[in-house]
Amino acid sequence: MRDVAIVGAGQAGLQLALELQAAGQRVTVVAERTPEQVRAGRVLSTQAMFGPARALERAAGLALWDGQAPDTRGLHVVVGAEGKPMLSFDAAVAAPAQSVDQRLKTAAWLELFEERGGRVEYRPAAPEDLAALAAGNELTLVAAGRGPLASVFAKDAARSRFEEPQRRLACVYLHGVGTPEDLADTAGDPARIHVVAGAGELVLQPGLTLSGPCLILLWEAVPGGPLDVFGDDPGPAETLARTRELVRLHVPWEYQALADAEPTDAGGSLAGAVTPVVRHPVARPGGAEARPVLGMSDTLVTNDPITAQGANNAARCAAQYAAAVREHGDRPFDEPWMRALFAGYWDQVGRHTVDFTTTMLGPLPDHVQLAFAQAAADPRVATRLAQTYADPADFSRWLGTPEATAAYLATL
Ligand SMILES: Cc1cc2nc3c(=O)[nH]c(=O)nc-3n(C[C@H](O)[C@H](O)[C@H](O)COP(=O)(O)OP(=O)(O)OC[C@H]3O[C@@H](n4cnc5c(N)ncnc54)[C@H](O)[C@@H]3O)c2cc1C
């Protein structure tokens, strides 16, 4: 049995904690907030998780909302300009996606970890606390998301593509959203992705929140553009009011669907922005001679949510780290082991999501625009595009370069 400390009780930290606990390790989680505080707080994400990430949760026995949370079986994509749809397509996904409000999920996972005998220290960890945790544990992991603690890990300038956010985000959780007429016959309950040319994106996806099934709406606004109107973080009711007006102007085919919409709860909205960044994986907060600490998930690789990869990556990262700890036996968790573990994660997961997300933040290269146009004409292209969200490693194989796209389209 190894002593492991994990700072941060989000998707990554708790999934890893529960997996290591199940494998017989003695795990301590440092959590900022109790389950009650998490449930009573604001929403944290829109957290769509695709089939492969859901399979990892299922394998770990953590898919507690299967059958309760709505399954999303496809994408409905519309590219519009000046309030008119220019291009649209529907695509099924191979395995359904799901979005369970992280307030619901992480609070329940934290309770489960404690019920199973796990130790939780409720406090925000400061950088100096990391030194003490590292001294007292054989392995210390930082899964604190993209918050201030992440800065104990130095930025990897060569892998970081941006110095500032590429989108301003606003999200609101809603009950009572209808289905646009043209979608009434679509099988399943698709996520609706609307591209407002030059201005940003609007995503509507089914989800499960504290009060039951809901519709989660996310604006991805190009800074300074016409959709960038939520900078004052206006709260659920006003986010919905401004959303209605933006939808009337830019996505009018969704307007009627919002007629009876109401925010799910007082915490059901979010506004902000994410600066994409990649960090070096190992830090020594206790000094050069002290034990190192290893970062994970958003703490090391933060993407804008436009491609909905962060929570999926958290699941992937947790599963990879858990397997590596299990396989490591009694050997020390030293810096070379940490670096090799992250190198594997970066190679298999991180770099693909950074490439995919950077491209989708635009301006879209001609060959990607061509792929979108072809998706509207050929369901096989639409399906491959939808599957790229589930498996971003496929991005470079067919969308990474003009040649790759041309080669794929030539096979059809
Ligand atoms: C608006 C928005 C929409 C998104 N939509 C999607 C989507 O549809 N699909 C998707 O896959 N991803 C999405 N993401 C990204 C996703 O939410 C994150 O990538 C994912 O939650 C990262 O998980 P994590 O466990 O690494 O970090 P987090 O979820 O951020 O968890 C970190 C945890 O650490 C805690 N913590 C922080 N600092 C400390 C400290 N000092 N001491 C102790 N605890 C600390 C926090 O309270 C939190 O519980 C979205 C993000 C945003 C902002």
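Residues numbered from 1 in each chain as written. Predicted model: local features only at pLDDT ≥ 70, side-chain atom pairs only at ≥ 80, totals over all residues.

**Student:** What exactly am I supposed to notice about the overall build of the protein chain here?
**Tutor:** Helix and strand counts for the protein chain come out as 12 helices and 17 strands. For 412 residues, the compact-globule formula gives about 22 Å, and the C-alpha radius of gyration of the protein chain, at 21 Å, lands near that figure. Its C-alpha atoms give the protein chain principal-axis dimensions of about 60 × 50 × 40 Å. Counting the 412 residues in the protein chain, one finds 49% classified as buried. (Helix = DSSP H or I, 4+ residues; strand = E, 2+ residues; numbered from the N terminus. Rg over C-alpha atoms; globule rule 2.2 N^0.38 Å. Buried ≥ 20, exposed ≤ 12 C-beta atoms within 10 Å, placed from the backbone.)

**Student:** What am I meant to see in the domain arrangement of the protein chain here?
**Tutor:** Many authors give the size of an interface as the accessible area that is lost as the parts come together. Considered domain by domain, the protein chain is made up of domain 1 (3-62 + 101-162 + 275-360), domain 2 (72-99 + 166-273) and domain 3 (366-410). Of note, the centres of domain 1 and domain 2, computed from C-alpha atoms alone, are 29 Å apart. Tallying the contact residues gives 18 residues for domain 1 and 26 residues for domain 2. Contributions of two or more residues to the side of domain 1 that touches domain 2 are made by strand E3 (48-49), helix H3 (51-59) and helix H4 (102-115). Classifying every residue of the side of domain 1 that touches domain 2 by side-chain character gives 8 nonpolar, 4 polar and 6 charged. (Domains from an automatic or database assignment. Contact = placed C-beta atoms within 7 Å. Nonpolar A, V, L, I, M, F, W, Y, C, P; charged D, E, K, R; others polar.)

**Student:** Explanation requested: the site of the ligand in the structure shown.
**Tutor:** Neighbouring the ligand are 37 residues, the closest being Gly 8, Gly 10, Ser 45, Gly 145 and Gly 310. For the shell around the ligand, the secondary structure elements donating two or more residues are helix H1 (11-22), strand E2 (26-31), E3, strand E8 (168-175) and helix H7 (310-327). Among the elements that make up the shell around the ligand, the one with the highest residue count is H7 (4 residues). Looking at side-chain class alone, the shell around the ligand contains 21 nonpolar, 13 polar and 3 charged residues. (Near = placed C-beta within 6 Å.)

**Student:** Would you mind going over the nonpolar core with me for this structure?
**Tutor:** Nonpolar side chains in soluble globular proteins tend to end up buried together. Judged by nonpolar contacts, the single largest core of 120 residues is most densely connected at Ile 6, Val 7 and Leu 16. Contact partners of Val 7, with chain neighbours within four places excluded, come to Val 30, Ala 125, Leu 130, Leu 133, Val 142, Ala 143, Ala 144 and Leu 149. (Core = buried A, V, L, I, M, F, W, Y, C linked by C-beta atoms within 7 Å.)

**Student:** How should the pairing of E2 be read in this particular structure?
**Tutor:** A regular strand places its side chains so that they alternate between the two faces of the sheet. Bridge count between strand E1 (residues 3-7) and E2: 5 bridges; the pairing is parallel. Following the sheet pairing, Val 4 is matched in E2 by Val 27. In terms of strand pairing, E2 meets strand E6 (residues 119-122) through 4 bridges, oriented parallel. By the bridge assignment, Val 30 is partnered in E6 with Glu 121. (Pairing = 2+ DSSP bridges.)

**Student:** Got a minute to help me understand the sheet that holds E2 in this structure?
**Tutor:** Within a beta sheet, neighbouring strands are joined by backbone hydrogen bonds and run either parallel or antiparallel to one another. Spatially, 6 strands are ordered E6-E2-E1-E7-E16-E15 in an open sheet, and the strand pairing comes out mixed. Both edges of this open sheet fall to E6 and strand E15 (282-283), since each of them pairs with a single strand only. As paired elements, strand E7 (residues 139-142) and strand E16 (residues 293-295) share 2 bridges and run parallel to each other. Following the sheet pairing, Leu 141 is matched in E16 by Leu 294. Packing of helix H5 (residues 127-136) onto the sheet brings it into contact with E1, E7 and E16, and relative to E7 it is tilted by some 150°. (Axes fitted to C-alpha atoms, helices over the stretch in contact; angles between N-to-C directions.)

**Student:** Would you take a moment to explain the environment of Ala 135 for this structure?
**Tutor:** Here Ala 135 lies in helix H5. A sequence separation of 129 residues divides Ala 135 from Thr 264, and the C-alpha atoms of the two residues are 44 Å apart. In this structure Ala 135 touches Gly 286, Ala 290 and Arg 291, once residues within four positions along its chain are discounted.

**Student:** Would you mind showing me how to read H5 here?
**Tutor:** Within H5, burial applies to Leu 130, Ala 131, Leu 133 and Ala 134. The arc that holds the buried residues of H5, viewed along the axis, is 165°, so those residues lie on one side. Those residues of H5 that are exposed and angled more than 90 degrees off the buried face are Glu 128, Ala 135 and Gly 136. Tucked inside the fold, the buried residues of H5 contact E1, E7 and E16. (Arc of directions from axis to C-beta.)

**Student:** Looking at this structure, I do not really get the pairing of strand E9 (residues 191-196). What am I missing?
**Tutor:** Counting buried residues along E9, 6 of its 6 residues qualify, which places the element largely inside the surrounding structure. Where burial is concerned, the two faces of E9 agree: the one with Ala 191, Ile 193 and Val 195 and the one with Arg 192, His 194 and Val 196 are both buried. As judged from the 5 bridges shared by E9 and strand E10 (residues 200-209), these two strands associate in the antiparallel manner. Counterpart to Ile 193 in the pairing with E10 is Val 203.

**Student:** Looking at this structure, I do not really get unusual backbone geometry. What am I missing?
**Tutor:** Peptide bonds are mostly trans, and most non-glycine residues show a negative phi. A cis amide bond links Gly 362 to the next residue, Pro 363, at an omega of 0°. Assignment of secondary structure puts Pro 363 in the loop between helix H8 (335-360) and helix H9 (366-377). A positive phi is found at Glu 82, a non-glycine position, where the angle reads about 50°. With respect to the secondary-structure elements, Glu 82 resides in the loop between strand E4 (72-81) and strand E5 (84-99). According to the C-beta neighbour criterion, Glu 82 is exposed, with 10 such atoms within 10 Å. Here the phi dihedral of Ser 297 falls at roughly 55°; this positive angle occurs in a residue that is not glycine.

**Student:** I'm lost on the environment of Val 282 in this one. Help?
**Tutor:** Positionally, Val 282 belongs in strand E15. Not counting residues up to four positions away in its chain, the partners in contact with Val 282 are Pro 292, Leu 294, Glu 335, Met 338 and Arg 339.

**Student:** Help me understand the environment of Pro 285 in this model?
**Tutor:** Here Pro 285 is to be found in the loop between E15 and E16. Spatially, the C-alpha atoms of Pro 285 and Leu 130 are 6.4 Å apart, while their sequence positions differ by 155 residues. Sequence-distant contacts of Pro 285, defined by excluding residues within four places in its chain, comprise Pro 127, Glu 128, Leu 130, Ala 131, Ala 134, Val 152 and Val 293.

**Student:** What is the right way to look at the packing of H1 against H7 in this model?
**Tutor:** The geometry of a pair of packed helices is captured by two quantities: the angle between their axes and the separation between those axes. Where H1 meets H7, the axes come as close as 8 Å, and the angle between the chain directions of the two elements is 30°. The orientation of H1 relative to H7 falls into the category roughly parallel. Helix-helix and strand crossings are classified by hand; for H1 and H7 the assignment is right-handed. Here H1 contributes Gln 11, Ala 12, Gln 15, Leu 16, Glu 19 and Leu 20 to the contact with H7, which in turn contributes Ala 311, Ala 314, Ala 315, Cys 317, Ala 318, Tyr 321, Ala 322 and Val 325. Here the contact of H1 with H7 is composed, by residue class, of 11 nonpolar, 2 polar and 1 charged. (Parallel < 35°, antiparallel > 145°, perpendicular 65-115°, else oblique. Left-handed = near helix turned anticlockwise from the far one by under 90°.)

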